[in-house]
Amino acid sequence: DPLERRLAADATVEKYFGEEESRTEEEWWEFAEYEGSVNFVLTRLTPDRCGEKGEDTTEACLEEGKELLRRFTYILDVQCLEEGIKALSSELGLPRPHVKKGNTNDSLHQMTTRERIGNDEIYDFIVKRNRRDIELYEWSKGLSLVKCSELTSTPVDDDLLHVDDDADDLEIGNVSETEQPTSQPTPAKNPHEDTSKHNAIRAMQIHNYKLGRALLLNVHITHHGGTTVCNAMKQLGHAPEGACNRGDDWPETVPKYRPWGYDETDENAKALRNVYHFISWEFGIIPPTPLKEVKWESPNLVSFIVMKDPIDRRLSGDATTSKLFGEEADRTEEQWEAFAKYDGSINFMLTRLTPDHCGEEGENATIACLEHGKELLRRFTFILDIQCLEEGLEALANELGLPIPDVKKGRGRTSMSARERIGNDDIYDFIVGRNRLDLELYEWSKSLSLVDCSALDEGDFDDDLNVADAGDVDQFSDAINYNYTLNATDYSDDKFDAEDDSVFNNQSDSKSTNEELGSEISLASNNITNQDNINIDDRESIRALQIENYKKGDALLLNIHITHHAGTTFCAAMKQIGNTPSNACNGGDDWPETVPRHRPWEYDETDRNAIELRKVYHFISWEFGKKPRSPLVDVNWESPHLVSVIVMKDPIDRRLSGDGGINRMFGKEEERTEEQWEAFAKYDGSINFMLTRLTPDRCGTEGENTTEECLETGKELLRRFTYILDVKCLDEGLEALAGELGFSLPYLNKDSGKTQVSARERIGDDELYEFILRRNQRDFELYEWSKGLSLVNCSALEEELFDDDDDNNDIINNDDDFNDSAGNDGNVL
């Protein structure tokens, strides 16, 4: 950051302008007016030292600096230099050095540059003279080897080391057309087709918000958590009263209508930021002008939208819905049918986001309509997912340099899915069909969400925890403000939500809609359904072909990630090897349009999807905190274009994996009372967690009554994977995997916080321990059996530590272990 650089202390600066802590105002002005440091970076990087002109430095000068930076092999950001140097070492195959951080004045280090200077006028003067250096620095973050903002912006740490592969596409000495600055881009054009430009725009917007120059704006689709967001933002600064839509102190120069036109966005955002830090635009009715007309790329505007499962949104309660169709709990079948056929909420999101309200065609809405919605979402600064809104708001606060707000969780949550709440499969399917494109838009938006809800360590909750959305106010006044004529027959359950009923709806099953849409899929005739018929030679020949194809770039490496089975570690290691999806290795911006984002795949699409994804990534992950939408057995695991891996873990250790959700329900482990331990042990959401995700009928939910047939079904699937690793010796497993697949050994960030205390000792009550063990017996048997197929035999490693005479060849499991393990299933316990 050029202002941080300008304030860096050295003997010469102190000689001429005094020490920073004791500098007088006169010395500060002399310091600010000193010519020797104007646009210090650009004057050194450009051939004609063009940055010396200060505020008069041209954009052409800035582009010259960018051209040079693009030609360097790597760019690091001093904001996270330690992590950058470690990443650089990993890139070059060097051991990770110990980075000794420099001695700093801690009190000054924690203050902003504005606070350190202590005079707004002087600060603004320095900023103005070094504006081009600031722009260059913000732009450079898009090419930095490590994205510093991602180290602190999200509670999910799967994506700390993200290399921007867009840099490979830049031609030396040339600026691509997509990166050329434009004076007035047409509002309809999507400006974020180029990731690096999107990142640069986003960085400038965030920077300006922190400087007090940019306005934070929530594009609020009614029932998408607007009340919760508004209340959180009011804790962080001044916002309009009521629902954050407007207030008595609204500037007279700013119109109260919404949305704004392209040409007025900059000025309106500036004027409002002088009064508020945050406002909300709520759209219960269709906007009077298209949202695409707003200048979302304005440096004076930080925009975000909260996305929500459209079926859950449809079930959000308010007074008008209850008046038209009765209270949900008392609704008759006739009322449910009328509710389902009501036209006012069809593809509710798309009809508000697209210029021609194209979602109103329901099941007849086109893919082009969906693409219009995606184009607009790409232009927003941030996207949040209501499924983990609390974590999203925390991450947003971190991005913007704000304290974390206290987000009150909704009361009255239900653990029932949307299908269960409706209580009629035909009606449910009818509603799903009419809102198909909204569902697709929501699922797609998850790849751009600031926080990946599916990757959060709350998989234990499965379908039982939900995020609530309070009813939203101010809808009736919205309609009046737009001068809409509301006729008696045009009752939308979303227009008159002025009573703020605070009826909370289910958010737990945000993926269950897709799970329930699919009917049972008949496997293709050539699918292998009975793995007992596969002999060891067949399995090994399949594996050999998959491995060979991976080495040639013709096969995709895929981790079947059961939540809490070290997916974060695996993803971070694979990012060091080659390109992976940015979002916890599950999804990302550069995901091919031809490949669906759902998981798992069907048998017939496995080859095609794996081939297409390998053109972009070498590795992806499928995380299953929830039960899969379709059975994992349906995937063509024998595809020559797929190398599959699963990491197995002791189910009791997995059960004790800590996360925020578990702590909220049962208290922190070290402070848990006996009563909380009992509730923890009796919680049904994690019984036989592995089997319920691996088997087609989720048969492990019966706990101690789970049959042996269920266990065998899990074994059949495990046999079909290319590799099995054991989390107990994951470092050695990844080393062995690297050797098998022919890539450089990744740096493994070993967990210094591992405990040597056993699960029984951690629980501290033999009776409770035995109770948990009994309920998860089949998972335990599956884990013990899987060790016979694990790439590395962890127990042999432990024995080697105590017996130097042991034969090390036992560490890597031989093929013979396959037959041995298959014949001794009954003796595990």
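Everything numeric here is computed off the predicted structure, so don't read it as measured data.

**Student:** How should the pairing of strand S7 (residues 642-648) be read in this particular structure?
**Tutor:** Sheet faces and side chains relate simply in a regular strand, where the side chains alternate between the two faces. Buried residues dominate S7, accounting for 7 of its 7 residues. The alternating pattern of S7 places Leu 642, Ser 644, Ile 646 and Met 648 on one face and Val 643, Val 645 and Val 647 on the opposite face, and all of these are buried. Sheet topology note: the strand S5 (residues 556-562)/S7 ladder contains 5 bridges and is parallel. Paired with Ile 560 across the strands is Ile 646, a residue of S7.

**Student:** I tried to follow the state of the cysteines on my own but got confused; where do I start?
**Tutor:** When the sulfur atoms of two cysteines share a covalent bond, that bond is a disulfide. Going through the model one piece at a time under the given rule, you end up with 8 disulfides. Covalent S-S linkage joins Cys 358 and Cys 369, the inter-sulfur distance amounting to 2.0 Å. Negative torsions about the S-S bond denote left-handed disulfides, and the value of about 85° found for Cys 358 with Cys 369 makes this one right-handed. Taken as a pair, Cys 358 in the loop between helix H18 (348-353) and helix H19 (367-379) and Cys 369 in helix H19 lie far apart in primary sequence, 11 residues in all. Like Cys 369, Cys 358 is buried. Across a sulfur-sulfur distance of 1.9 Å, Cys 729 and Cys 794 are joined as a disulfide pair. In this structure the cystine formed by Cys 729 and Cys 794 twists about its S-S bond by roughly -75°; its chirality is therefore left-handed. Taken as a pair, Cys 729 in the loop between strand S8 (723-726) and helix H34 (730-741) and Cys 794 in helix H38 (residues 794-802) lie far apart in primary sequence, 65 residues in all. Overall, Cys 729 belongs to the buried group, its relative accessible area being 6%.

**Student:** Please explain the sheet that holds strand S4 (residues 382-385) as it appears in this structure.
**Tutor:** Backbone-to-backbone hydrogen bonds pair the strands of a sheet. The strands run either parallel or antiparallel. With parallel pairing, 4 strands are arranged side by side in an open sheet as S2-S1-S3-S4. In this open sheet, the two edge strands, each paired with only one partner strand, are strand S2 (278-283) and S4. With direction set aside, neighbouring strand axes in the sheet form an average angle of 25°. Pairing analysis gives 4 bridges linking strand S3 (residues 301-307) to S4, with the strands arranged parallel. Across the sheet, residue Val 306 finds its bridge partner in S4, namely Leu 384.

**Student:** Which parts of the structure should I look at to understand helix H31 (residues 674-682)?
**Tutor:** A turn of α-helix holds 3.6 residues, and therefore any two residues three or four places apart point the same way. Among the residues making up H31, those that are buried are Trp 677, Phe 680 and Ala 681. Within H31, the buried residues cover an arc of 95° as seen down the axis, which keeps them to one side. In H31, those exposed residues whose orientation departs by more than 90 degrees from the buried face are Glu 675 and Lys 682.

**Student:** How should a negative patch on the surface be read in this particular structure?
**Tutor:** A cluster of acidic side chains, namely Asp 10, Glu 14, Glu 19 and Glu 21, defines a negative patch on the protein surface. Mapped onto the elements, Glu 14 comes out in helix H2 (residues 11-17).

**Student:** What am I meant to see in the nonpolar core here?
**Tutor:** The nonpolar side chains of soluble globular proteins are, as a tendency, buried together. Grouped together as the largest cluster of nonpolar side chains are 36 residues, with contacts concentrated most on Ile 279, Trp 296, Ile 305, Leu 353 and Leu 377. Residue assignment for this core shows that the elements contributing at least two residues are strand S1 (215-221), helix H14 (265-273), S2, S3, H18, H19 and helix H23 (436-445). Ignoring any residue separated from it by four or fewer positions in sequence, one finds Leu 377 in contact with Ile 305, Met 307, Leu 353, Ile 383, Leu 441, Trp 444 and Ser 445. Core analysis: the second largest hydrophobic core is formed by 34 residues, Phe 624, Met 648, Leu 694 and Leu 718 among them.

**Student:** Quick question: what am I supposed to make of H14 here?
**Tutor:** With 7 of 9 residues buried, H14 lies mostly within the body of the structure. When H14 is considered as a whole, its buried residues turn out to be Thr 265, Asp 266, Asn 268, Ala 269, Ala 271, Leu 272 and Arg 273.

**Student:** Help me out: how do you make sense of the sheet that holds strand S6 (residues 619-624) in this one?
**Tutor:** Read across the sheet, 4 strands follow the order S6-S5-S7-S8 without closing on themselves; strand pairing throughout is parallel. Each edge of the sheet is formed by a strand with only one pairing partner; in this case those strands are S6 and S8. Averaged over all pairs of adjacent strands, the angle between strand axes in this sheet comes to 25°, irrespective of strand direction. Pairing of S5 with S6 involves 6 bridges; the strand directions are parallel. Bridged to His 561 within S6 is Glu 623. Seen against the sheet, H34 touches S5, S7 and S8 and runs at an angle of roughly 155° to S8.

**Student:** Quick question: what am I supposed to make of a nonpolar patch on the surface here?
**Tutor:** On the surface, a nonpolar cluster with roughly 240 Å² of combined accessible area is contributed by Leu 76, Val 78 and Leu 81. You can see Leu 81 is positioned in helix H6 (residues 81-91). For Leu 81, a relative accessible area of 34% gives the class partly exposed.

**Student:** Which parts of the structure should I look at to understand the pairing of S8?
**Tutor:** Side chains Tyr 723 and Leu 725 project from S8 onto one buried face, and the interleaved Ile 724 and Asp 726 project onto a second face that is buried too. Two elements, S7 and S8, share 4 bridges in a ladder whose sense is parallel. Bridge pairing in S8 places Val 647 opposite Leu 725.

**Student:** Where do I start with the environment of Gly 142 in this structure?
**Tutor:** With respect to the helices and strands, the residue Gly 142 is situated in the loop between helix H10 (131-140) and helix H11 (148-152). Counting along the chain gives 61 residues from Gly 142 to Ala 203, while the straight-line C-alpha distance between them is 8.6 Å.

**Student:** What am I meant to see in the packing of H19 against H23 here?
**Tutor:** The relative placement of two packed helices is expressed as an angle between their axes plus a distance between the axes. Running from N to C, H19 and H23 cross one another at 35°; their axes reach a closest spacing of 10 Å. The way H19 lies across H23 gives a crossing that is right-handed. Residues Ile 367, Cys 369, Leu 370, Gly 373, Lys 374, Leu 377 and Arg 378 of H19 lie in contact with H23, whose contacting residues are Leu 437, Glu 440, Leu 441, Trp 444 and Ser 445. Partitioning the contact of H19 with H23 into residue classes produces 7 nonpolar, 2 polar and 3 charged.

**Student:** Is there a simple way to think about the environment of Trp 29 in this case?
**Tutor:** Within the secondary structure layout, Trp 29 lies in helix H3 (residues 25-33). Sequence separation between Trp 29 and Ile 126 is 97 residues; the distance between their C-alpha atoms is 9.6 Å. Ignoring anything within four residues of it in the chain, the contact list for Trp 29 reads Glu 121, Ile 122 and Phe 125.

**Student:** What's the story with the packing of aromatic side chains in this structure? I'm lost.
**Tutor:** A complete count under the given rule lists 24 aromatic pairs for this structure. Three or more aromatic residues joined by ring pairs form one cluster here, namely Tyr 16, Phe 17, Trp 28, Phe 31 and Tyr 34. In this structure, Arg 331 is placed above the aromatic ring of Phe 339, and the distance from its NZ or CZ to the ring centre is 4.8 Å. The residue whose ring lies beneath Arg 655 is Phe 680, and the NZ or CZ to ring-centre distance is 4.0 Å.

Criteria and cut-off values
- Residues numbered from 1 in each chain as written.
- Predicted model: local features only at pLDDT ≥ 70, side-chain atom pairs only at ≥ 80, totals over all residues.
- Heavy atoms only, no water.
- Buried < 20%, exposed > 50% of the residue type's maximum accessible area, 1.4 Å probe, protein only.
- Helix = DSSP H or I, 4+ residues; strand = E, 2+ residues; numbered from the N terminus.
- Pairing = 2+ DSSP bridges.
- Disulfide = S-S within 2.5 Å.
- Axes fitted to C-alpha atoms, helices over the stretch in contact; angles between N-to-C directions.
- Arc of directions from axis to C-beta.
- Patch = residues over 30% accessible without salt bridge, like charges linked within 9 Å, V, L, I, M, F, W, Y side chains within 5 Å.
- Areas by Shrake-Rupley, 256 points an atom, 1.4 Å probe, with all protein chains shown as cover.
- Salt bridge = Lys/Arg side-chain N within 4 Å of Asp/Glu carboxyl O.
- Lys, Arg positive; Asp, Glu negative; His and termini not counted.
- Charge placed at Lys NZ, Arg CZ, Asp CG, Glu CD.
- Core = buried A, V, L, I, M, F, W, Y, C linked by side-chain atoms within 4.5 Å.
- Contact = heavy atoms within 4.5 Å.
- Left-handed = near helix turned anticlockwise from the far one by under 90°.
- Nonpolar A, V, L, I, M, F, W, Y, C, P; charged D, E, K, R; others polar.
- Phe/Tyr/Trp six-rings, centres within 6.5 Å; stacked < 30°, edge-to-face > 60°.
- Lys NZ or Arg CZ within 6 Å of the ring centre and 35° of its normal.

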